[in-house]
Amino acid sequence: MEEDLFQLRQLPVVKFRRTGESARSEDDTASGEHEVQIEGVRAGLEAVELDDGAAVPKEFANPTDDTFMVEDAVEAIGFGKFQWKLSVLTGLAWMADAMEMMILSILAPQLHCEWRLPSWQVALLTSVVFVGMMSSSTLWGNISDQYGRKTGLKISVLWTLYYGVLSAFAPVYSWILVLRGLVGFGIGGVPQSVTLYAEFLPMKARAKCILLIEVFWAIGTVFEVILAVFVMPSLGWRWLLILSAVPLLLFAVLCFWLPESARYDVLSGNQEKAIATLKRIATENGAPMPLGKLIVSRQEDRGKMRDLFTPHFRWTTLLLWFIWFSNAFSYYGLVLLTTELFQAGDVCSLSSRKKAVEAKCSLACEYLSEEDYMDLLWTTLSEFPGVLVTLWIIDRLGRKKTMALCFVTFSLCSLLLFICVGRNMLTLLLFIARAFISGGFQAAYVYTPEVYPTATRALGLGTCSGMARVGALITPFIAQVMLESSVYLTLAVYSGCCLLAALASCFLPIETKGRGLQESSHREWGQEMVGRGTHGAGVTRSNSGSQE
């Protein structure tokens, strides 16, 4: 016994700067430190300082606090087997979304010729998908905030799967128009997979993981083009629609493994379910759970639109809406322009061809050739380097500068298309433009869940996604209808829109690089799980988590 007590006296007592919420004296709170004293053991303390933005080491996960928040637990458990499984499952949803989007650029010229559709009906076939997405994005965000991330995601995926397969059996144009609109209504909920995914990721891994999920989007677009190369000549567009729904089917089967977001459960007062989810993640990752009682920083209403327009978030919301609008407007515009430009050979050939067939251009059609499919595949492959470039710069430049850089590069490539370049240079410029505009989209998907608190995160992402669909809704009439009047005006519209989006990115008031996810809108932004140095020692917190 004496020997054990002697060894115990030799152990250092560790002093922590805390990460969660704890009931303590005012003196302790004011200093931001808390001590563990053992009777008979020396009182000398060894301080453990955390750098700004540093995560708490696993071995020091809340040993002295009697309370902790979900963010503390997620940081302490870290990234492991559970997150890898979740990455694949979220990636399947993302891959399915990409395939449903990419099919529009393949389906449009096919039906244009097969059903002898005028150009405005071809554009409407594309737009109706985005009408559905736009009208449902906020609804899915509300469902996810009110009834859970998992619930909203499951319903949207099953809806999209059902109407996606059903649209393959459409007998006439009006039927496929309605059914593809219903498909778009379901796709509007797929971005909620990012909300669920982000809420299970530790701070250091969040940006990289969300960007790596975008690899599945790239895989989906490439897979759709490859599928079209083999299916379209022999089986036709109906089989292409059916086979494109396979990733949705896989996700629908596997999504029952998904847990509900622990952040959502805590916010809705279901602490026991949140604890069970966190214990499950800790078990799968082989990591310890934090000690103490799980708390929420403050109970508040969820999913209220007015919360997006509080003085703190008003400018962020408005600027993000324009950024998302510009992203989708330019990205899908480029996808639709690519097939038009490849069929013509270059911008100058397209312009002269439009003049030559001006009298009958609304019914003139050309099927996509094998060369068109291959060039489409090359430009689609650009999304992979787009992910890598964004992955490399987003934690170096920050989220805002990354988005601005992507928009400026896209705008420059659009202006260079004014020159009468050959097919090889055309392919290269389209490759670079698509790489960077997809990179801008990826950066927006990282930034948006980080900037909003848990109570409005799904709604914030949903409304941004809805604004993106507005841009995607308009873009077919620019890329397919305006293109017939003026190629150069069309390119100028896309270039100008992205320059304005670059400015909007720079004016965003909050940079989320190195910040934890915000639990409550009533707490000073970015306090959660940011390692504090000596400059933070004087900040006083109440037990509710709001700053005094």
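This one's a predicted model, so the numbers in the text were calculated from it and none came from an experiment.

(A) Highlighting the overall build of the protein. Looking only at helices and strands, the protein has 21 helices and 5 strands in total. For the protein, contacts bridging at least 24 residues in sequence account for 83% of all contacts bridging at least 6. When the accessible surface of the protein is summed, it comes to about 21300 Å², and 65% of that surface belongs to carbon and sulfur atoms.

(B) The nonpolar core, seen in detail. Membership of the largest hydrophobic core comes to 131 residues, with the highest contact counts inside it found for Phe251 and Trp324. At 18 residues, helix α4 (residues 81-114) tops the list of elements feeding residues into this core. When residues no more than four places from it in sequence are discounted, the contact partners of Trp324 are Phe441, Ala444, Tyr445, Thr448, Leu461, Cys464, Ser465 and Ala468. By size, the runner-up hydrophobic cluster in this structure holds 9 residues, among which are Phe68, Ala73, Ala262 and Leu278.

(C) Just the pattern of salt bridges, in detail. With the rule as written, the count across this model stands at 5 salt bridges. For Arg280, the salt bridge is made with Glu284, and the minimal N-O distance between the two is 3.5 Å. Pair noted here: Arg280 and Glu284 are both in helix α13 (residues 271-285), with a separation of 4 residues, about one helical turn. The class for Arg280 is partly exposed, based on a relative accessible area of 28%. Residue classification places Glu284 among the partly exposed residues on the basis of a relative accessible area of 23%. A salt bridge links Glu450 to Arg399, with the nearest nitrogen and oxygen atoms 2.9 Å apart. With Glu450 in helix α19 (residues 423-451) and Arg399 in helix α18 (residues 399-416), this pair connects stretches of sequence that are 51 residues apart. As far as the burial class goes, Glu450 and Arg399 line up, both buried. Connected through salt bridges with shared partners, the residues Lys85, Arg280 and Glu284 form a single ionic network.

(D) Region of interest: helix α5 (residues 119-147). With 29 residues, α5 ought to run about 42 Å at 1.5 Å a step, and its terminal C-alpha atoms sit 42 Å apart, in line with that. Where α5 bends most, the angle comes to about 35°, and this point is Ser136. Phi turns positive, to about 115°, at Gly148, one or two residues after α5.

(E) Molecular detail of the packing of aromatic side chains. Under the defined criterion, the tally for this structure stands at 22 aromatic pairs. Between the aromatic rings of Phe79 and Trp84, the centroid separation amounts to 5.2 Å while the plane-to-plane angle is 85°, which identifies the pairing as edge-to-face. On the basis of relative accessibility, which here comes to 29%, the residue Phe79 falls in the partly exposed class. Accessibility expressed as a relative area gives 55% for Trp84, which makes it exposed. Their ring planes at 65° and their centres at 6.1 Å tell us that Trp140 and Phe185 sit as a pair that is edge-to-face.

(F) Fine view of the side chain of Ser136. Considering the arrangement of structural elements, one finds Ser136 in helix α5. For Ser136, a relative accessible area of 0% puts it in the buried group. One polar contact links the side chain of Ser136 to the main-chain carbonyl oxygen of Phe185, over a distance of 2.7 Å. Discounting residues that sit within four places of it in the chain, Ser136 has contacts with Gly184, Phe185 and Gly188.

(G) Structural detail: the packing of α4 against helix α7 (residues 173-187). Relative to each other, α4 and α7 sit at 160°, their axes nearing to 11 Å. As summarised for this structure, α4 and α7 are arranged roughly antiparallel, according to the angle between their axes. Of the two possible hands of crossing, α4 and α7 adopt the one that is left-handed. Two secondary-structure elements touch here, α4 through Asp97, Glu100, Met101, Ile103, Leu107 and Leu111 and α7 through Ile176, Arg180, Val183 and Ile187.

(H) Here's a closer look at α19. With 29 residues, α19 extends 42 Å between its outermost C-alpha atoms, agreeing within 8% with the 42 Å of an ideal straight helix rising 1.5 Å per residue. Among the 29 residues that make up α19, 23 are buried, leaving the element largely enclosed by the rest of the structure.

(I) Highlighting a nonpolar patch on the surface. A cluster of nonpolar side chains, namely Leu249, Val253 and Leu254, defines an oily patch on the protein surface of about 280 Å² accessible area. Mapped onto the secondary structure, Leu249 falls in helix α11 (residues 246-254).

(J) Spatial organisation of the environment of Leu158. Secondary-structure assignment places Leu158 in helix α6 (residues 149-166). As for Leu158 and Val253, which are separated by 95 residues in sequence, their C-alpha atoms are 9.8 Å apart.

(K) The arrangement of the confidence of the model for the protein in detail. Per-residue pLDDT for the protein averages 74, and the proportion of residues at 70 or more is 76%. Note on residues 58-64: pLDDT is under 50 here. Beyond four places in sequence and across chains, it has 21 contacts. Taken together, the stretch residues 522-548 has pLDDT below 50 and engages in 87 contacts with residues farther than four places along the chain or on a different chain.

(L) Structural view of the packing of helix α3 (residues 70-77) against α13. Packing of α3 against α13 brings their axes to within 10 Å, and their N-to-C directions diverge by 10°. Relative to α13, α3 is oriented roughly parallel. Every residue of α13 that contacts α3 at Ala73, Val74 and Ile77 is listed here: Leu278, Ile281, Ala282 and Asn285. Classifying every residue of the contact of α3 with α13 by side-chain character gives 6 nonpolar, 1 polar and no charged.

(M) Local environment of the environment of Ile393. Here Ile393 lies in helix α17 (residues 383-397). The buried category is assigned to Ile393, whose relative accessible area is 6%. In this view, Ile393 contacts Gly398, Thr402 and Leu405; residues no more than four positions away in its chain are not counted.

(N) View of the environment of Tyr373. Residue placement: Tyr373 occurs in helix α16 (residues 370-381). The spatial distance from the C-alpha of Tyr373 to the C-alpha of Val229 is 6.7 Å, given a sequence separation of 144 residues.

(O) Examining the side chain of Glu260 more closely. Structurally, Glu260 can be placed in the loop between α11 and α12 (262-267). Buried charged residue Glu260 carries no salt bridge. Nearest counter-charge: Arg149, at 5.4 Å. Looking at Glu260, its side chain comes within polar contact range of the main-chain nitrogen of Arg149, at 3.0 Å. A distance of 3.2 Å separates a polar side-chain atom of Glu260 from the backbone nitrogen of Lys150. Those residues in contact with Glu260, other than ones at most four positions away along the chain, are Tyr147, Gly148, Arg149, Lys150, Thr151, Leu196, Phe200, Asp265, Lys273 and Thr277.

Here is what the cut-offs are and how they apply
Residues numbered from 1 in each chain as written. Predicted model: local features only at pLDDT ≥ 70, side-chain atom pairs only at ≥ 80, totals over all residues. Heavy atoms only, no water. Helix = DSSP H or I, 4+ residues; strand = E, 2+ residues; numbered from the N terminus. Contact = heavy atoms within 4.5 Å. Areas by Shrake-Rupley, 256 points an atom, 1.4 Å probe, with all protein chains shown as cover. Core = buried A, V, L, I, M, F, W, Y, C linked by side-chain atoms within 4.5 Å. Buried < 20%, exposed > 50% of the residue type's maximum accessible area, 1.4 Å probe, protein only. Salt bridge = Lys/Arg side-chain N within 4 Å of Asp/Glu carboxyl O. Expected span 1.5 Å × (residues − 1). Bend = angle between axes of the 7 residues up to and from the residue. Phe/Tyr/Trp six-rings, centres within 6.5 Å; stacked < 30°, edge-to-face > 60°. Polar contact = N/O pair within 3.5 Å; in protein donor to acceptor, adjacent residues only side chain to side chain. Axes fitted to C-alpha atoms, helices over the stretch in contact; angles between N-to-C directions. Parallel < 35°, antiparallel > 145°, perpendicular 65-115°, else oblique. Left-handed = near helix turned anticlockwise from the far one by under 90°. Patch = residues over 30% accessible without salt bridge, like charges linked within 9 Å, V, L, I, M, F, W, Y side chains within 5 Å. pLDDT = per-residue confidence, 0-100. Nonpolar A, V, L, I, M, F, W, Y, C, P; charged D, E, K, R; others polar. Lys, Arg positive; Asp, Glu negative; His and termini not counted.

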